[in-house]
Amino acid sequence: MHVVVNAAASADGKLSTRRREQVTISGPDDFARVDRLRAASDAVLVGVGTVLADDPHLTVDDPALREERETRGDAGNPARVVVDSSGRTPLDARILDDAATTYVVVARDATADRKASLADAGAEVLVAGDERVELSAALSKLGERGVEELMVEGGGEIIYSLFAAGLVDELSLYVGSLVIGGREAPTLADGPGFVESFPQLSLREVGRVDDGVLLRYDVVGSIESS
Ligand SMILES: NC(=O)C1=CN([C@@H]2O[C@H](COP(=O)(O)OP(=O)(O)OC[C@H]3O[C@@H](n4cnc5c(N)ncnc54)[C@H](O)[C@@H]3O)[C@@H](O)[C@H]2O)C=CC1
Ligand SMILES: Nc1nc(O)c(N)c(N[C@@H]2O[C@H](COP(=O)(O)O)[C@@H](O)[C@H]2O)n1
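Keep in mind it's a predicted model, so treat the numbers as computed, not measured.

Thoughts on the sheet that holds strand S7 (residues 170-175)
The nine strands lie next to each other as S5-S4-S3-S2-S6-S1-S7-S9-S8, forming an open sheet whose pairing is mixed. Each of the sheet's edge strands pairs with one partner strand only, and the pair in question is strand S5 (124-127) and strand S8 (197-209). When strand polarity is set aside, the average angle formed by the axes of neighbouring strands in this sheet is 25 degrees. Across six bridges, S7 lies against strand S9 (residues 212-224) in antiparallel orientation. Bridging from a neighbouring strand, Tyr-174 pairs with Leu-214 of S9. Seen against the sheet, helix H1 (residues 28-39) touches strand S1 (2-9), strand S2 (43-47), strand S6 (149-152), S7, S8 and S9 and runs at an angle of roughly 160 degrees to S1. Here helix H5 (residues 135-144) sits on the sheet and contacts S1, S2, strand S3 (79-83), strand S4 (102-106), S5 and S6; the angle it forms with S5, its principal contact strand, is near 135 degrees.

Here it is in structure tokens:
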């Protein structure tokens, strides 16, 4: 499986505000690029924190891109994936509508009630890990269901965990021209953070998009602290 993380950050590295409310960081050209990236993916993954904060839909906006997917025999929209250990995804979340297949990946400890309610609301419930979703097992299960190109759209906790598990191949980071600030505001990689060994990136492309900068990196290994 090939995993691409895509995110938009402010010039000071924040994904949203300390209130965890979504901020429009990308401009129209970057949103169009994100739409193309979604259209080229088999599935789009977020953590439940993003579902609770943003109630995203995670579908392809441009009808021409959906048509292209259908012409090549794919569903109009990629599958949607929520990493959600205890099954906190609200049953009326937009991600559970019938616009695409939605996998909610829970841990074994999620209650049977919650799993059944999510399934009734339209999710395909997958189990990976005991107390918390184990990401390599989750990605294996997605692979068994035909997911080869996986796009990750945040947030900071899930992105950190994917880097920590060595599961990220590429990072596309749009840096917008604004400052959000706030020590509690989400950043690209939250979680406990790395202290001795850090994911090492190789800059493949840099370009101006809208009034910001798009940085594209390959993940090439890890770098030890000196
Ligand atoms: N600017 C951007 O590109 C984006 C911004 N955001 C922002 O990010 C914030 C949400 O991010 P987060 O709170 O970090 O939530 P998140 O979307 O990273 O979800 C984290 C949650 O996933 C669950 N989880 C289950 N297994 C896990 C594992 N193995 N590792 C990590 N988490 C696991 C936990 O409940 C955890 O709290 C919101 O404010 C949202 O607006 C989210 C996506 C993109
Ligand atoms: N690429 C990008 N740029 C921004 O400025 C953003 N705020 C985000 N947020 C992400 O997009 C999701 C919303 O998706 P829908 O429009 O509802 O399909 C949101 O949940 C974040 O993952 N992304």
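That covers the picture; the talk isn't over yet.
Thoughts on the layout of surface pockets
Quantified by volume, the second largest pocket comes out at close to 190 Å³. Every residue lining the second largest pocket is counted, 13 residues in all, and those nearest its centre are Asp-42, Arg-69, Pro-78, Ala-79 and Arg-145. Broken down by class, the residue content of the lining of the second largest pocket amounts to six nonpolar, three polar and four charged.

A look at the site of ligand 2
Lining the immediate surroundings of ligand 2 are 17 residues, of which Val-23, Ile-25, Ser-26, His-57 and Leu-58 lie closest. One nitrogen or oxygen atom from the side chain of Ser-26 is found 2.6 Å from a nitrogen atom belonging to ligand 2. The separation between an oxygen atom of ligand 2 and a polar side-chain atom of Asp-54 is 3.0 Å. When ligand 2 sits alone it has 520 Å² of accessible area, and the protein chains cover 84% of it. Listed by contribution, the elements that provide at least two residues to the shell around ligand 2 are S1, H1 and helix H2 (48-54). Of the residues assigned to the shell around ligand 2, the class counts are seven nonpolar, six polar and four charged.

Brief notes about the UniProt feature "domain: Bacterial bifunctional deaminase-reductase C-terminal" (unreviewed entry) in the chain
This chain's UniProt record puts "domain: Bacterial bifunctional deaminase-reductase C-terminal" (unreviewed entry) on residues 2-215. Each end of residues 2-215 is marked by a C-alpha atom, and these two atoms are 18 Å apart; helix forms 26% of the span and strand 25%.

Topic: the site of ligand 1
Contacts to ligand 1 come from 27 residues, most closely from Ala-8, Ser-16, Thr-50, Asp-54 and Ser-161. Contact distances for ligand 1 include 3.3 Å between an oxygen atom and a backbone N or O atom of Gly-156. For ligand 1, whose unbound accessible area comes to 870 Å², protein coverage reaches 88%. Among the secondary structure elements, those contributing two or more residues to the shell around ligand 1 are S1, H2 and helix H6 (156-164). For the shell around ligand 1, the element with the highest residue contribution is H2, accounting for five residues. Broken down by class, the residue content of the shell around ligand 1 amounts to eleven nonpolar, ten polar and six charged.

Conventions used here
Residues numbered from 1 in each chain as written. Chains lettered and ligands numbered in written order. Predicted model: local features only at pLDDT ≥ 70, side-chain atom pairs only at ≥ 80, totals over all residues. Heavy atoms only, no water. Pairing = 2+ DSSP bridges. Helix = DSSP H or I, 4+ residues; strand = E, 2+ residues; numbered from the N terminus. Axes fitted to C-alpha atoms, helices over the stretch in contact; angles between N-to-C directions. Contact = heavy atoms within 4.5 Å. 1 Å grid on protein atoms, 1.4 Å probe; cavity = no way out; pocket = protein on both sides within 12 Å on 5 of 7 lines; lining within 4 Å. Points joined across faces, edges and corners; volume = space filled by probe spheres on them. Nonpolar A, V, L, I, M, F, W, Y, C, P; charged D, E, K, R; others polar. Near = heavy atom within 4 Å. Polar contact = N/O pair within 3.5 Å; in protein donor to acceptor, adjacent residues only side chain to side chain. Areas by Shrake-Rupley, 256 points an atom, 1.4 Å probe, with all protein chains shown as cover. UniProt positions renumbered as here; feature names shortened; annotations may be inferred.

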